[in-house]
Structures are given as C-alpha cells and as structure tokens.
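Observations on chain architecture
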Amino acid sequence: MRFLAVVAVLSGSSCSGRGDRQPSETAYQSVDTVPMLIMQIQKCSRLYTTEYKVHKIVTHEDVVKLQGALLKQSIDIKLPVGDRKVAIPIDATLKAYIDFSNFSEKNIERHGQKITILLPDPKVELTSSKVNQQEIRSFVGFVRSGFTDEEMTRYERQGREAIIQSIPRLGIVDMARESAARVLVPMVQQMGYREEDITVAYRKEFKPFDVSKFLEIVGNGK
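About the thresholds
- Residues numbered from 1 in each chain as written.
- Predicted model: local features only at pLDDT ≥ 70, side-chain atom pairs only at ≥ 80, totals over all residues.
- Heavy atoms only, no water.
- Helix = DSSP H or I, 4+ residues; strand = E, 2+ residues; numbered from the N terminus.
- Expected span 1.5 Å × (residues − 1).
- Buried < 20%, exposed > 50% of the residue type's maximum accessible area, 1.4 Å probe, protein only.
- Arc of directions from axis to C-beta.
- Core = buried A, V, L, I, M, F, W, Y, C linked by side-chain atoms within 4.5 Å.
- Contact = heavy atoms within 4.5 Å.
- Pairing = 2+ DSSP bridges.
- Axes fitted to C-alpha atoms, helices over the stretch in contact; angles between N-to-C directions.
- Salt bridge = Lys/Arg side-chain N within 4 Å of Asp/Glu carboxyl O.

Observations concerning helix 3 (residues 149-166)
Taking 1.5 Å of rise per residue, the 18 residues of helix 3 would be expected to cover 26 Å, and the 26 Å separating its terminal C-alpha atoms lies within 8% of that figure. Within the sequence span of helix 3, burial applies to Glu151, Met152, Tyr155, Glu156, Gly159, Ala162, Ile163 and Ser166. For helix 3, the angular spread of buried residues about the axis comes to 135°, placing them on one side. More than 90 degrees from the buried face of helix 3, the exposed residues found are Asp149, Glu150 and Gln165.

As structure tokens, this is what we get:
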C-alpha cells in the first residue's frame, strides 16, 4: 500500500470584538488593562487559524505468487494469472483552531511593560474526507476477480488513517500559533503595550506526536 499526498495550506484568522480606540500611555499606567484584555480575547471564542487541504492517492497492487520451499530452497515466483491494481484519490480538510472561551488571568503573565499571552492548547479538526469516486482507477487481470466493496472500503479507511498520521509533519501547530499572534498582538497593542514587549506562546513546546491528542473528527470526516 502506497500513499501520495499533495497539501495546500490556507492560512488566515479572524476575531471579533477588537477595540478601535488606542489608549494613551497615561491611561495604560493608571488602569489595569488585564480584565479588559481578557474580555476582548474571550470574545474570539473559537479562533480558526489555519486550514489544510490534503489530497492523497492510495495505491494498491495485488499479485499472485507461489511461495514456499523446495529441496531447502526458497521459492517466490510470480504467477502469470494477472495482476490487480487500484488508485483511490482522497481529499480531506484539516482546520486548526484555538478555543478562548475559558481564557483567564492564568493565561497572562505581566512583568512591568512586558506581557506574555499563554495560548490554550490548539485543536485540529478533520472536518471532511471524501473519496473522489469519478477518479478511481483500477486494473484487473483477465482471470482475476474485481475488487470487492469490502476491499475498497478497507483501502479508503487506510487512506484516511494515513492522512491522520501525516498531520504531525504538516507543522499545523506552529502555524496556528503564528496566526493567533497576528490577531492577538494588535489587540494587546491597543491596550498600550509596544509590539516588542508582547510575547505569544503555548504553555509548552509541543512535539509532533502531541498533535494526535488535539485531533477531533467532525462531520463527514469519519
């Protein structure tokens, strides 16, 4: 079983509830801006940051062989009864988001003029996966039977599992953080902080294998 994949990345993020008024330096010094900042960030609720379009082709080749041993010699002979081959294209959509609904003071660290926003753990949704039935290609030898529905379903499932296994290599967590920063930094600046004094980070540096913990399968992504 082999898998070929093409990935398209659509990066973008949006968030409602941004203020329009730039506080003065005096206002920043005299007013605790953290509660106001928390309120503004909570309005983001679920912030979708990155969308991936994954195109994967599942290929399977089925040959008939005579295998065994004869006179202590191994035998592995391809029999001339015809091969079976199939290529199944699968399209999937992955979306990364950050849920700010429970954002609180625990997510903010402030030291004088410097402030750090600790992002909630990211989430990754497999929102859809679909087999392009029109583009399935198969070859079946003259004396061989065709692929059964059960076999096709198994190959399709293996293709979806391969897409899930490829998620850690896509860098989707890092891109989610970068996209969130592009939304949050201007919000924090409106509270009177300078851009160079603002840090957006996760509570820990996530490893590629951590991504499986964040995965959610929704809709027809099953």
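Quick word on the nonpolar core
Counting residues in hydrophobic clusters, the biggest one holds 50 residues, and the most contacted among them are Ile88, Phe100 and Ile117. Per element, the largest residue contribution to this core is 10 residues, and it comes from helix 4 (residues 172-189).

Overview of the environment of Pro120
Secondary-structure assignment places Pro120 in the loop between strand 7 (114-119) and strand 8 (123-131). The class of Pro120 is buried, set by a relative accessible area of 17%. Sequence separation between Pro120 and Arg203 is 83 residues; the distance between their C-alpha atoms is 7.5 Å. Apart from the residues lying within four places of it in its own chain, the contact partners of Pro120 are Ile98, Asp99, Phe100, Phe103, Asn107 and Tyr202.

Notes on the sheet that holds strand 7
Taking strand neighbours across the sheet as the criterion, the 3 strands line up as 6-7-10 in an open arrangement whose pairing is mixed. The open sheet terminates on both sides in strands that have one partner only, identified here as strand 6 (108-111) and strand 10 (198-202). Shown here is a sheet whose adjacent strand axes are inclined to one another by a mean of 20°, direction ignored. Taken together, the 5 bridges between strand 7 and strand 10 define a ladder with parallel strand orientation.

Regarding the pattern of salt bridges
This structure, assessed with the given rule, holds 9 salt bridges. The partner of Arg46 in a salt bridge is Glu125, with the nearest N and O atoms 3.2 Å apart. With Arg46 in strand 2 (residues 46-62) and Glu125 in strand 8, this residue pair connects regions lying 79 residues apart in the sequence. Of the charged contacts, one joins Arg194 and Glu196 as a salt bridge, the two residues approaching to 3.7 Å between their closest N and O atoms. Glu196 matches Arg194 in its accessibility class, with the two residues each being exposed.

These figures capture arrangement, not role.
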